[in-house]
Amino acid sequence: MEIPVIDLSRYLEIADKLSTDPVKLSGQIKEVGSWLRELCEKVSQILRETGALVVKDPRCTAADNDRFIDMMEKYFEKPREFKLLQERPHLHYQVGVTPEGVEVPRSLVDKEMQNNLKAMPKEFQPSTPNGPDPKWRYMWRVGPRPSNTRFKELNSEPVIPEGFPEWKDTMDSWGCKMISAIEAVAELAAIGFGLPKDAFTSLMKQGPHLLAPTGSDLSRHSQEGTVFAGYHYDLNFLTIHGRSRFPGLNIWLRNGQKVDVKVPSGCLLIQTGKQIEWLTAGDCLAGMHEVVVTNRTTDAIKLASGQNRSLWRVSSTLFAHIASDAVLKPLGHFAESRLASKYPPMCAGEFVELELAAINLKGNKGES
């Protein structure tokens, strides 16, 4: 199955002119034409039914993605001893590198999830990991943080590896561009869900957004069935990725069907996290997914080997969050849902701490 591609170009031309007042917005949508209403409804419908969305944003080009992946391949190819210089375990891996074998998939520790997996039809069941994920990750904060917050992050300096003069500019540039794409999708989704245009984006301001690319060494872990990221959901609001050079991402639709995701060149993949599930009282569920070596991955490995290209699978993951001090609760008409009681009000920062405690990853702001 190929998820429909949503082109954001036309919306971006008028986005700044649209009102956050629902009454004025309704009039503007009538003036603009039916295409805008249809686009908003399509975005919200796809997020609701699949938990994933493929978008094309003219501000985020294939060249931008390549520049980022080229740099991260160069970094992950460095010797283990070099990479460990950027490790900050005493800061709970909030900045710098997280070595392979540290992140634990939720399906390994969540008994309820394990029982649900056993009840799935065999062909839709996820791969079973043997232990912690054999992938590396680099944590880089993107965007401003609040000066006053109940959830003070450690005041640690960003970690920049030696020999990468382009590091900060590349990380900040790609991270900010992907957040801009998420904000546009969040506006479209909000309108499609019958909420004010800024219902989600106003809560995202000064959120603890993290650019958190992963690196998986396919020269060592190339056997079909190897699990790089065990079956899990993301705890944040929305997660976005640039296109990876190696396939392997599987997602689960709302109906339980397992789908091998294909992202066209120049496009971005967006996945729903637990925070948007909270804000919509379960109308939009956090998307379940895994990253596994498949036959398509092994074909890409053979091709890359023949062309003498890097065999590190880089995922340009960015976790977009609701601000830590903002209250997570069903918004607007979702507060009247019969499921609203399953999503009690709480600060987003408190919610993140509870989620991380459940998987024993205190300090990491996402999981993918």
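Residues numbered from 1 in each chain as written. Predicted model: local features only at pLDDT ≥ 70, side-chain atom pairs only at ≥ 80, totals over all residues. Heavy atoms only, no water.

**Observations regarding the packing of helix α3 (residues 34-50) against helix α8 (residues 167-192)**
Spelled out, the test is: Every axis corresponds to a line fitted to the C-alpha atoms, with the helix fit spanning only the stretch in contact, and the corresponding angles, defined between N-to-C directions, vary from 0 to 180 degrees. Each helix is a run of DSSP H or I of at least 4 residues and each strand a run of E of at least 2, with the numbering of both proceeding from the N terminus. Angle categories are assigned with fixed cut-offs, so that under 35 degrees is roughly parallel, over 145 is roughly antiparallel, 65 to 115 is roughly perpendicular, and the rest are oblique. We call two residues in contact whenever any of their non-hydrogen atoms come within 4.5 Å of each other. Here the nonpolar group is Ala, Val, Leu, Ile, Met, Phe, Trp, Tyr, Cys and Pro; Asp, Glu, Lys and Arg are the charged ones; every other residue, Gly included, is treated as polar.
Put simply, α3 and α8 touch, their axes get as near as 7 Å, and they point 95° apart. The angle between the axes of α3 and α8 places the two elements in the roughly perpendicular class. Residue-level contacts link Leu 36, Arg 37, Leu 39, Cys 40, Glu 41, Val 43, Ser 44 and Leu 47 of α3 to Val 185, Leu 188, Ala 189, Ile 191 and Gly 192 of α8. Residues of the contact of α3 with α8, tallied by class, amount to nine nonpolar, two polar and two charged.

**Considerations on the UniProt feature "domain: Isopenicillin N synthase-like Fe(2+) 2OG dioxygenase" (unreviewed entry) in the protein**
So the rule is basically this: UniProt positions are given in the numbering used here, feature names are shortened, and annotations may be inferred rather than shown by experiment.
UniProt's entry tags residues 222-321 with the feature "domain: Isopenicillin N synthase-like Fe(2+) 2OG dioxygenase" (unreviewed entry), counted in the numbering of this structure. Note that residues 222-321 is 18% helix and 36% strand, and that its end C-alpha atoms are spaced 33 Å apart.

**Points about the pattern of salt bridges**
Stated precisely, the cut-off is as follows: For this document, the term salt bridge refers to a Lys or Arg side-chain nitrogen within 4 Å of an Asp or Glu carboxyl oxygen. Here's how the labels work: a residue is buried when its accessible area is under 20% of the maximum for its type, exposed when over 50%, partly exposed in between, all with a 1.4 Å probe on protein chains only.
Enumeration over the complete set of coordinates arrives at 16 salt bridges. Asp 66 is the salt-bridge partner of Arg 245, the closest N and O atoms lying 3.3 Å from each other. Within this pair, whereas Arg 245 is found in the loop between β8 (238-242) and β9 (249-252), its partner Asp 66 is found in helix α4 (residues 62-76), the two being separated by 179 residues in sequence. Here Arg 245 falls in the partly exposed class, since its relative accessible area comes to 27%. The salt bridge partner of Arg 245 is Asp 70, with a shortest N-O separation of 2.9 Å. Here the residue Arg 245 occupies a position in the loop between β8 and β9, and Asp 70 occupies one in helix α4, the gap between them amounting to 175 residues. You can call Asp 70 partly exposed: its relative accessible area is 41%. Look at the salt bridges and you will find they share partners, linking Asp 66, Asp 70, Glu 73 and Arg 245 into a network.

**Some details on the state of the cysteines**
For clarity, the cut-off: Disulfide: a pair of cysteine sulfur atoms within 2.5 Å of each other.
Counted by the stated rule, this structure contains zero disulfides. Left without a disulfide partner, Cys 176 is nearest to the cysteine sulfur of Cys 60, which lies 10 Å away.

**Regarding the pairing of strand β14 (residues 317-320)**
A regular strand places its side chains on the two faces of the sheet in alternate fashion. Rules: When DSSP finds at least two bridges between two strands, those strands are taken to pair.
Of the two faces of β14, the one holding Thr 317 and Phe 319 and the one holding Leu 318 and Ala 320 are both buried throughout. The pairing of strand β5 (residues 210-211) with β14 spans two bridges and is antiparallel. By the bridge assignment, Leu 211 is partnered in β14 with Leu 318. In the sheet, β8 pairs with β14 via four bridges, with the strands oriented antiparallel. Residue pairing for β14: Ile 240 is matched across the bridge by Leu 318.

**Side note on the packing of aromatic side chains**
Rules: A pair of Phe, Tyr and Trp rings is counted when the ring centres sit within 6.5 Å of each other, with Trp represented by its six-membered ring. The angle between the planes then sorts it: under 30 degrees is stacked, over 60 is edge-to-face, the rest tilted. Distance and angle both matter: a charge sits over a ring if NZ of Lys or CZ of Arg is within 6 Å of the ring centre and within 35 degrees of the ring normal.
On inspection of all chains with the given rule, the structure shows 14 aromatic pairs. Taken together, a centroid distance of 5.1 Å and an interplanar angle of 85° make the contact between Trp 278 and Tyr 343 edge-to-face. Within this pair, whereas Trp 278 is found in helix α10 (residues 274-279), its partner Tyr 343 is found in the loop between β15 (327-328) and β16 (346-347), the two being separated by 65 residues in sequence. With relative accessibility at 5%, the residue Tyr 343 sits in the buried group. Through a chain of ring-to-ring contacts, three or more aromatic side chains come together here, namely Tyr 75, Phe 76, Phe 82, Tyr 138, Phe 164, Trp 167 and Trp 312. Sitting over the ring of Phe 164, Lys 74 keeps its end group 5.0 Å from the ring centre. In this arrangement the basic side chain of Lys 274 is found over the ring face of Tyr 233, its NZ or CZ atom lying 4.8 Å from the centre.

**Some details on unusual backbone geometry**
Trans is the prevailing form of peptide bonds, just as negative phi is the prevailing case for residues other than glycine. We note that Gln 206 has phi near 60°; this positive angle belongs to a residue other than glycine. Counting through the fold element by element, Gln 206 comes out in the loop between α9 (201-204) and β5. On the accessibility criterion, Gln 206 (40% relative accessible area) is partly exposed. Here the phi dihedral of Asn 308 falls at roughly 55°; this positive angle occurs in a residue that is not glycine. Here Asn 308 shows up in the loop between α11 (295-306) and β13 (312-315).

**Some words on the sheet that holds β9**
An order of β7-β12-β9-β10 is seen for the four strands of this open sheet, with the pairing classed as antiparallel. Looking along the sheet, the strands with just one partner apiece sit at the ends: β7 (227-232) and β10 (258-260). Here the average twist between neighbouring strands, direction ignored, is 20°.

**Observations concerning the packing of α4 against α8**
The cut-off we apply is this: In this scheme, a crossing is called left-handed if the near helix is turned counterclockwise away from the far one by less than a right angle; it is called right-handed if the turn is clockwise.
In contact at an axis separation of 10 Å, α4 and α8 are set at 135° when each is read in the N-to-C sense. With respect to their mutual orientation, α4 and α8 come out oblique. For α4 against α8, the interelement crossing comes out left-handed. Taking contact as the criterion, the partners of Asp 64, Asn 65, Arg 67, Phe 68, Met 71, Met 72 and Tyr 75 in α4 are, on α8, Trp 167, Asp 169, Thr 170, Met 171, Ser 173, Trp 174 and Lys 177. Per-class residue counts for the contact of α4 with α8 are seven nonpolar, three polar and four charged.

**With respect to the confidence of the model for the protein**
Put simply, the test is: Note on scores: pLDDT gives the predictor's confidence for each residue, bounded by 0 and 100.
Averaged over the protein, the pLDDT score is 92; the fraction of residues at 70 or greater is 96%. Per-residue pLDDT stays below 50 along residues 362-368; that stretch engages in 43 contacts with residues further than four places along the chain or on separate chains.

**Some points on helix α2 (residues 22-32)**
So the rule is basically this: Under the rule applied, a polar contact is a pair of N or O atoms within 3.5 Å (in protein, one hydrogen donor and one hydrogen acceptor; residues adjacent in sequence only if both atoms are side-chain atoms).
Of the residues flanking the start of α2, the one acting as N-cap is Asp 21, its side-chain oxygen 3.1 Å from the backbone nitrogen of Val 23. In the stretch just after α2, Gly 33 is the one whose phi turns positive, near 125°.

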